[in-house]
Amino acid sequence: MNIRKLLISITVISFGIPLHGAGNISDIDSLYTMFQNKESAGYVEEANKIMAKVGYEHTFTSEESFDDANALVLDVIVDYYRSKSEYVGRITYLNKALSFYTEHKDSMNVARCHHTLGATYQMLGLYDKAIQAYQQSSDILLAIGGDSSNLRYRYTLNNIAALFFEQDEMDKSEELYLKCLSLINGDEDETRNEIDRSTYLGNLAMVYNAKAESSPYASIAQSYLSKALENVTEAVAIAKKYCEGTSSEIEIVKREITLARTLMLQGDLNGADRVLSECDAYVARNSLEYQGIQVASIRGEIMERRGNPIVAERMYDKVRDYARKQGLKEMEGQALENLYVLLKDIRPAKALECLEKRTAIRDSIFTLQQNILISEFQVQYETQEKENLIRQQESELRQSKTVAWSLAVILLLCVGLASGIYRHVAFVRKRNRELKESNDTKDKMISIISHDLKNPAYAQRNVLRGLHSSWQQLENATIGNYINELLTSSESQVQLLSNLLDWARLQTGKLKCNIIEIDLSMIVSNEIKTLQGMADNKQVTIETRLVNGESALADREMVSVIIRNLITNAIKFSRSGSIVEVETGVDGDSAYCSIIDHGVGISEGNLAKVFTDAAVSTGTDDEPGTGLGLELCRNFTKLNNGRITVASKPGEGSTFTLYLKLARRDNED
């Protein structure tokens, strides 16, 4: 059975905020708001109230500035939410800390906050956001430079590699671990460097083990296992040399756990047993409870391979009980899944209980992820509203001064007064338009979050209820239909979230256009690979006619969003068994991509408003629509100095064509 979710935790090297003790607290938000409101006076008393509530041993005095107090208060609150596993609160205050350190140009603490955000997103399974946060941290550390920054940059790369590992992107993970090895500087501390080298070699061994498990060819799998054994053997030797008899013997246990798993995959179960027995001694000597659980999980898998389900069940139960006590939902879910697979044929009642509990854990994790995303939308909206209010107040103050000056001058120059009144009226009209646009944006976002985002989640819940109530009586074909419904609603939800995030960033001016030379056909190919599962699920065939080697001038990410939405719409409005054609080429001084479907088509009355939310409609399988996708296509195309056309006949299908400026023609000019 696959226990990579359990083992991957040993690959992360953190430089986040330390964990302090925390006490009971009724309303941290109210306390922090009071602290902020008394910035000019009385903040010391409010800061000490927060310290007392969370049980942190520090007393502020009037000698400490508000900024110094605020920095520590934010760190302590983040720490408090970490100790309570309150991830929404933790992310909210990490963003507050990020804004504070950014305002004070404290680059090292900005990098630290990004890193801690990445670790939090990783724990929640929000891998894209985690990678983005880690990357921001590493970019800042590279800009700072110096030995300390380089070391932390190396650790950040290690964490990004672990994220790729969790997403089964093993080639990217391998590349980053190799880069970590290449970044070890001989001028730095030898012991630390060698322990890190042992870590990266052990992590590489885990990558090769995963590649071996996923390979369908025995010879290739054996080659990967040989590389894994070579790397982890060296990692164990280094760890023993530098950690034996020290407080760092945990490093030996981590490497030996990977060694035991490698031997098990090679079929050497006795060798794996010997290594795990050696781990037992280190675990007992150093009171390494978590590593003891990892050892138990591998022993369970070994017992299962030996046909001893009783001992295997005992080991998996041990892992599950530990994970439940520690609040480690991913580990608990994996242990329950292992128990379900082990017991479904011999003890179906307990197997069903494990399946139900695993499903409940996954639902709770999904709900938490959605709450995080919605919370971040709210934070972004509230921040924008505050910025708009500040700008409005500043503008009103400037206008008041202008009016006062105009009143003083009115006795001398009536024309100046008339001109001032005209400018004031124009400003008010402009501000009213801006406020209306801001309210429309807010209303649209709330509508999509509260309605369109809710529908796929309800659909998933209804399907799961159907499965839960009668899964034992269902035939495989019916279960397959249920799974297809789950996949369809999940794909719809993912596409909606992606479009909503891009649209929100565009509306708030956070999205910048970075025009570079891109390979249009390569981007199209990558998006087709991403959407192939959606097409297969609807039994739609994607046929391509791609011309390689032609470069365009555009923003890579925006073009990817355009292509992804156009192909998604083509699949959405195609009938089962039909074909979607994708073609790239050159037309004059433009590179183009055409997406052709043979589906329901668009009426003549709707063609003129197809790129607005006024043309929202459902797909051939009742897939929901919000109008965001084509609206993004239109806005992104305009930002990239391109154009997009549509031709359609009802009942025959539609053709959308994106035109971008050719890079080679630009260079010739």
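Heads up: the structure comes first, above all this text.
In this report, we go over the structure that sits alongside the text. (Residues numbered from 1 in each chain as written. Predicted model: local features only at pLDDT ≥ 70, side-chain atom pairs only at ≥ 80, totals over all residues. Heavy atoms only, no water.)

A general trend in soluble globular proteins is that nonpolar side chains are found buried together. With 118 residues, the main nonpolar core has Phe 35, Val 73, Ile 77, Tyr 93 and Ile 302 as its most contacted residues. Counting 39 residues, the second-largest nonpolar core is a separate cluster that includes Leu 511, Ile 528, Leu 566 and Val 610. (Core = buried A, V, L, I, M, F, W, Y, C linked by side-chain atoms within 4.5 Å. Buried < 20%, exposed > 50% of the residue type's maximum accessible area, 1.4 Å probe, protein only.)

Let's shift gears to the packing of helix 3 (residues 43–54) against helix 4 (residues 66–83). With their axes 11 Å apart at the nearest point, helix 3 and helix 4 run at an angle of 20 degrees to one another. It follows that helix 3 is roughly parallel to helix 4 by the angle criterion. Seen along the crossing, helix 3 lies across helix 4 with a hand that is left-handed. Here helix 3 contributes Tyr 43, Ala 47, Ile 50, Met 51 and Val 54 to the contact with helix 4, which in turn contributes Phe 66, Ala 69, Val 73, Val 76, Ile 77 and Tyr 80. Counted by class, the contact of helix 3 with helix 4 contains 11 nonpolar, no polar and no charged residues. (Axes fitted to C-alpha atoms, helices over the stretch in contact; angles between N-to-C directions. Helix = DSSP H or I, 4+ residues; strand = E, 2+ residues; numbered from the N terminus. Parallel < 35°, antiparallel > 145°, perpendicular 65-115°, else oblique. Left-handed = near helix turned anticlockwise from the far one by under 90°. Contact = heavy atoms within 4.5 Å. Nonpolar A, V, L, I, M, F, W, Y, C, P; charged D, E, K, R; others polar.)

On to the packing of helix 15 (residues 309–326) against helix 16 (residues 329–343), then. Across the interface, helix 15 lies against helix 16 with an axial gap of 8 Å and an inter-helix angle of 160 degrees. In this view, helix 15 runs roughly antiparallel relative to helix 16, as classed from their interaxial angle. Helix 15 and helix 16 meet at a crossing whose hand is left-handed. Within the contact between the two elements, helix 15 uses Pro 309, Ala 312, Glu 313, Tyr 316, Asp 317, Val 319, Arg 320, Tyr 322, Ala 323 and Arg 324 and helix 16 uses Met 331, Glu 332, Ala 335, Leu 336, Asn 338, Leu 339, Leu 342 and Leu 343. Here the contact of helix 15 with helix 16 is composed, by residue class, of 12 nonpolar, one polar and five charged.

It is worth spelling out the pattern of salt bridges at this point. Tallying each qualifying case throughout the model produces 30 salt bridges. Glu 337 serves as the salt-bridge partner of Arg 358, at 4.0 Å between the closest nitrogen and oxygen. Here the residue Arg 358 occupies a position in helix 17 (residues 348–409), and Glu 337 occupies one in helix 16, the gap between them amounting to 21 residues. A single network of salt bridges, built from pairs that share partners, joins Glu 313, Asp 317, Arg 320, Asp 321, Arg 324, Arg 347 and Lys 350. (Salt bridge = Lys/Arg side-chain N within 4 Å of Asp/Glu carboxyl O.)

This part covers a negative patch on the surface. On the surface, Glu 39, Asp 67, Asp 68 and Glu 103 cluster together to form a negatively charged patch. Overall, Glu 39 belongs to the partly exposed group, its relative accessible area being 45%. (Patch = residues over 30% accessible without salt bridge, like charges linked within 9 Å, V, L, I, M, F, W, Y side chains within 5 Å. Areas by Shrake-Rupley, 256 points an atom, 1.4 Å probe, with all protein chains shown as cover. Lys, Arg positive; Asp, Glu negative; His and termini not counted. Charge placed at Lys NZ, Arg CZ, Asp CG, Glu CD.)

On to the packing of aromatic side chains, then. Applying the stated criterion to the full structure yields 11 aromatic pairs. By way of ring pairs, the aromatic residues Tyr 32, Phe 35, Tyr 43, Phe 66, Tyr 80, Tyr 81 and Tyr 93 are connected into one cluster. If you follow Arg 643 out to its NZ or CZ, it ends over the ring of Tyr 659, 3.9 Å from the centre. (Phe/Tyr/Trp six-rings, centres within 6.5 Å; stacked < 30°, edge-to-face > 60°. Lys NZ or Arg CZ within 6 Å of the ring centre and 35° of its normal.)

Where burial is concerned, most of strand 7 (residues 653–661) is hidden: seven out of the nine residues are buried. Here eight bridges tie strand 5 (residues 590–597) to strand 7, and the two strands are oriented antiparallel to one another. Residue Ser 594 lies in a different strand from strand 7, and its bridge partner there is Thr 657. Note: strand 6 (residues 643–649) against strand 7, seven bridges, orientation antiparallel. Residue pairing for strand 7: Arg 643 is matched across the bridge by Tyr 659. Counted along the chain from strand 6 to the antiparallel partner strand 7, the turn is three residues long, and its residue Gly 651 has a positive phi close to 85 degrees. (Pairing = 2+ DSSP bridges.)

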